[in-house]
Amino acid sequence: MANKLNMARIRVLQTDALENIESYMDPDTPKALEQFTAKMKAILLADPQMLESVPEYLPVALYGRVKFPPAAKTRWQQWLNSSTAPLWDEFKTSVAFNNADVELVKAIRAYSEAQLIEACAVLFLLEGGQITAKRRNGSETYNEDPNYDTDDEETDNYHNDYDSDDYGSDDDDSDEEGYDDQYDDIRFNGEKP
């Protein structure tokens, strides 16, 4: 009988891993994520039991370094949809690890095959599952709902409501004594002029 995937746990891992990944994706320090994942790999290789307290570190350590062959993507989607964990023989042909990560993968498998499979399920969701959406600035973000609406209509309405000059009153700040209009053109990231 096939083992079940704990989809609630996988969603939590996905969120936690994504938060870690995004926190290290900074244009000012382009190597930050690479350096962080290198440290995570070294720590997990030395002590796989760390996964008990920080299970999201494995998908973070392997992020961007695991490939899902095109033929396996349908199987991964089926496994996730049915919350079924693949058998090892199915799993090992459904994912391709970077050669530099094979030692870590072997160590994690020896510690917990289930956690390795779970981490790859998270990676599939992060990189190829039906959850990718684009932010306004063009970067990717992730949403667990495949019916996610990416046109930001609700957000646009929010900003439009608060970008209006009247704010529900007829007062015009420029008539106030001491009003300084030098700040009128300041906009926050993503805010429309």
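The shown structure was predicted, so the numbers you read here are calculated from the model rather than taken from an experiment.

Reading the values: the criteria
- Residues numbered from 1 in each chain as written.
- Predicted model: local features only at pLDDT ≥ 70, side-chain atom pairs only at ≥ 80, totals over all residues.
- Heavy atoms only, no water.
- Helix = DSSP H or I, 4+ residues; strand = E, 2+ residues; numbered from the N terminus.
- Buried < 20%, exposed > 50% of the residue type's maximum accessible area, 1.4 Å probe, protein only.
- Contact = heavy atoms within 4.5 Å.
- Areas by Shrake-Rupley, 256 points an atom, 1.4 Å probe, with all protein chains shown as cover.
- Salt bridge = Lys/Arg side-chain N within 4 Å of Asp/Glu carboxyl O.
- Core = buried A, V, L, I, M, F, W, Y, C linked by side-chain atoms within 4.5 Å.
- Axes fitted to C-alpha atoms, helices over the stretch in contact; angles between N-to-C directions.
- Left-handed = near helix turned anticlockwise from the far one by under 90°.
- Nonpolar A, V, L, I, M, F, W, Y, C, P; charged D, E, K, R; others polar.

**Student:** Explain the overall build of the protein here, please?
**Tutor:** Along the backbone of the protein there are 8 helices and 4 strands. Here the protein holds 193 residues, and the buried ones make up 36% of them. Across the protein, the fraction of contacts at a sequence separation of at least 24, relative to all contacts at a separation of at least 6, is 69%. Here the protein has roughly 12,500 Å² of accessible surface; of this, 47% comes from carbon and sulfur atoms.

**Student:** Honestly, the pattern of salt bridges in this entry has me stumped. Any pointers?
**Tutor:** Pairing between side chains of opposite charge can happen when their charged atoms approach one another. On inspection of all chains with the given rule, the structure shows 6 salt bridges. Linking K41 and D101 is a salt bridge whose minimum nitrogen-to-oxygen distance equals 3.2 Å. Taken together, the residues K41 in helix α2 (residues 32-46) and D101 in the loop between β2 (96-97) and α6 (102-111) connect sequence positions 60 residues apart. On the basis of relative accessibility, which here comes to 16%, the residue K41 falls in the buried class. Note on D101: relative accessible area 1%, which makes it buried. One salt bridge connects R109 with E113, and the closest N-O pair in it is separated by 2.9 Å. Under the relative-accessibility criterion, E113 is labelled partly exposed at 28%.

**Student:** Just to check I follow, could you spell out the nonpolar core for this structure?
**Tutor:** Ranked by size, the top nonpolar core spans 42 residues in total, and within it L44, L58, W76 and F91 carry the most contacts. Among the elements of the structure, α1 (7-23), α2, α3 (57-62), α4 (70-82), α5 (88-91), α6 and α7 (113-127) are those that each provide at least two residues to this core. With 10 residues, the top contributor of residues to this core is α7.

**Student:** What should I look at first to understand the packing of α1 against α7 in this one?
**Tutor:** Two packed helices can be described by the angle between their axes and the distance between those axes. Two numbers describe how α1 lies on α7: the axes approach to 9 Å, and their chain directions differ by 65°. Between α1 and α7 lies a crossing of right-handed hand. Taking contact as the criterion, the partners of R9, I10, L13, Q14, A17, L18 and I21 in α1 are, on α7, Q115, E118, A121, V122, L125 and L126. Of the residues belonging to the contact of α1 with α7, the class tally is 9 nonpolar, 2 polar and 2 charged.

This is a description of form; function is not addressed.
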